Amino acid sequence: VVDQLAVEYADRLVLFLEDNVDTPLGRRRDRWWAGYGSGGSVYLPLVMASSGRRVSSGSVDFRTVYAGIVDGELLRPPQAEVEAFSARIGNVMRVYLRVVNLSPATLSAAANAATAHAVVWEDRKVHVTSRTVRAAPFCEISAPVAPGEAFAAVLDTPALSGVDWGRLHAAAFVDYRPAGATGAFDMLQAALAVPPALSVSPESISVTGAELAADGAVGAVALGGPHVLTWSAASDALWLTASPGGGAVPGTATVRVVREALPSGVSEGRLTFSASGQDGLAFTREVSVKVDAPDTGSRVRRRLLRRAPGP
Amino acid sequence: VTRTSLTLWLIVTAAVASLALGEDLRDLAVASEGRTVWKSSVPPPRLVVFEEFSRPT
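Residues numbered from 1 in each chain as written. Chains lettered and ligands numbered in written order. Predicted model: local features only at pLDDT ≥ 70, side-chain atom pairs only at ≥ 80, totals over all residues. Heavy atoms only, no water.

1. Re the overall build of chain A
Okay, step 1: A tally of helices and strands in chain A yields 5 helices and 20 strands.
Okay, step 2: Relative to the globule expectation of 19 Å for 311 residues, the C-alpha radius of gyration of chain A, 26 Å, shows a markedly less compact shape.
Okay, step 3: Each principal axis of the C-alpha atoms in chain A carries an extent, and together these give about 110 × 40 × 40 Å.
Okay, step 4: Looking at the 311 residues of chain A, the share that counts as buried comes to 44%. (Helix = DSSP H or I, 4+ residues; strand = E, 2+ residues; numbered from the N terminus. Rg over C-alpha atoms; globule rule 2.2 N^0.38 Å. Buried < 20%, exposed > 50% of the residue type's maximum accessible area, 1.4 Å probe, protein only.)

Below, the structure written as structure tokens:
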């Protein structure tokens, strides 16, 4: 049924994963028990969504119950922004995770067991379904993260063997206990990990002279990527600058035109953003800037001609 | 054409284009000075993680 659901929800934001109940990885199975509570008997299969906010066990109308759980969770707005990047480092999968807390709660391990997780799975049928979890590293969020604040971590799997690296994927997420020290966990948001890269947005800026702000600002470039990167900017034109000239990723650079150095007519320049960080990460992206400046020279000439005394 | 009317025209044009493309209008912001930017102020939808714990057979 889960494989069937994975096909049915292929175009939705749902990740179906399978774990071995006898060899728990990370804190995943603990989350199911926290969601279940205690008492009674439980039977396989155990399933959960959103770190145990919704759980089920034993024989049920699988299709109806599982789809109901997924549909209910899809309707809930996320409570965090999550960015995740993953890279193979030797036989380890490394996940770079950054979370912005959008919930009203301050996240901390001490207050509400807040934890960042990564799961690495292989598209391969080992037990029942075709998405088998291979590792689930985690770290507790020790320093409190207030609403609006960010948290970043690097999570490593143990050395992985006997896996097809071409079929491995990773996701990252953060969960916490809304009730405090006890009760079910809830997942704030999750993200599929993508290969590390530096992103710039926009990739081109085009303005006319009439649109130039008083301070020469023509736009802002947002830089994204793994949080372990630092970036610097270089310009190929005297009239084009980026400020600040460097910083941490993610970040923003204001692009400015130096009016005094801007030639008349159409000028095109290029800003090169370079970023590097641990694990040999190094990227370069360019932003092109085009300014159609008023022909100040001809305006001056016209003024001079008007001022010239007549015969 | 004043800058205000030009900006209004840009907003309307962008909104119509956005509808045509099926984009969420909340993601669209038209800055002053005639610069149009796409904002990602609205977080993306929730990615639901559904986990099954089973025993190898």
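2. Description of the sheet that holds strand E12 (residues 199-201) of chain A
Residues and elements named next belong to chain A.
Okay, step 1: Across the sheet, 4 strands lie side by side as E12-E14-E18-E16; this open sheet has antiparallel pairing. Lying at the two open borders of the sheet, with one neighbouring strand each, are E12 and strand E16 (240-243). Here the average twist between neighbouring strands, direction ignored, is 25°.
Okay, step 2: The pairing of E16 with strand E18 (residues 251-257) spans 4 bridges and is antiparallel. Following the sheet pairing, Ser243 is matched in E18 by Thr254. (Pairing = 2+ DSSP bridges. Axes fitted to C-alpha atoms, helices over the stretch in contact; angles between N-to-C directions.)

3. A word on the interface of chain A and chain B
Interfaces are often described in size by the accessible area the parts lose on coming together.
Okay, step 1: The interface is formed by 49 residues belonging to chain A together with 18 residues belonging to chain B.
Okay, step 2: Between chain A and chain B the total buried area reaches about 3200 Å² when both faces are included, carbon and sulfur atoms providing 56% of it.
Okay, step 3: At the junction of chain A with chain B, the criterion picks out 2 salt bridges.
Okay, step 4: In this structure, Arg28 of chain A engages Glu51 of chain B in a salt bridge whose closest nitrogen and oxygen atoms are separated by 2.8 Å.
Okay, step 5: Along the contact surface separating chain A from chain B lie 19 residue pairs in polar contact (both at pLDDT 80 or more).
Okay, step 6: Counting only elements with at least two residues in the side of chain A that touches chain B, the list comes to strand E1 (14-20), helix H2 (28-36), strand E2 (46-49), helix H3 (62-74), strand E11 (186-192) and strand E14 (217-224) of chain A.
Okay, step 7: When its residues are assigned to classes, the side of chain A that touches chain B shows 32 nonpolar, 7 polar and 10 charged. (Contact = heavy atoms within 4.5 Å. Buried area = accessible area lost by both parts, 1.4 Å probe. Salt bridge = Lys/Arg side-chain N within 4 Å of Asp/Glu carboxyl O. Polar contact = N/O pair within 3.5 Å; in protein donor to acceptor, adjacent residues only side chain to side chain. Nonpolar A, V, L, I, M, F, W, Y, C, P; charged D, E, K, R; others polar.)

4. Looking at the packing of aromatic side chains
Okay, step 1: Across all of its chains, the model carries 8 aromatic pairs over all chains by this definition.
Okay, step 2: A ring pair is formed by Trp32 of chain A and Trp33 of chain A, whose centres lie 5.0 Å apart and whose planes are at 90°; its orientation type is edge-to-face.
Okay, step 3: Judged by its relative accessible area of 37%, Trp33 of chain A is partly exposed.
Okay, step 4: For the pair Tyr66 of chain A and Phe50 of chain B, a centre-to-centre distance of 5.4 Å together with 55° between the ring planes defines the contact as tilted. Taken together, the residues span two chains, with Tyr66 of chain A in helix H3 and Phe50 of chain B in strand E3 (residues 48-54). Phe50 of chain B matches Tyr66 of chain A in its accessibility class, with the two residues each being buried. (Phe/Tyr/Trp six-rings, centres within 6.5 Å; stacked < 30°, edge-to-face > 60°.)

5. Describing unusual backbone geometry
Residue and element names in this part refer to chain A.
Okay, step 1: A cis amide bond links Ser201 with the next residue in sequence, Pro202, at an omega value of 0°.
Okay, step 2: Within the secondary structure, Pro202 sits in the loop between E12 and strand E13 (204-208).
Okay, step 3: Residue Pro250 is bonded to the preceding Val249 through a cis peptide linkage, with omega at 0°.
Okay, step 4: Not every positive phi belongs to a glycine, and Ser51 is a case in point at roughly 60°.
Okay, step 5: Within the secondary structure, Ser51 is located in the loop between E2 and strand E3 (54-57).

6. With respect to the sheet that holds strand E17 (residues 246-248) of chain A
Residues and elements named next belong to chain A.
Okay, step 1: Taken together, the 5 strands give an open sheet; going across it, the order is E13-E20-E19-E15-E17, and neighbouring strands pair in mixed fashion. Every interior strand has two partners, whereas the edge strands, E13 and E17, have only one. Taken pair by pair, the neighbouring strands of this sheet meet at an average axis angle of 20°, ignoring direction.
Okay, step 2: Bridge count for E13 against strand E20 (residues 282-293) is 5 bridges, and the pairing is parallel. The residue of E20 that forms the bridge with Val207 is Val291.

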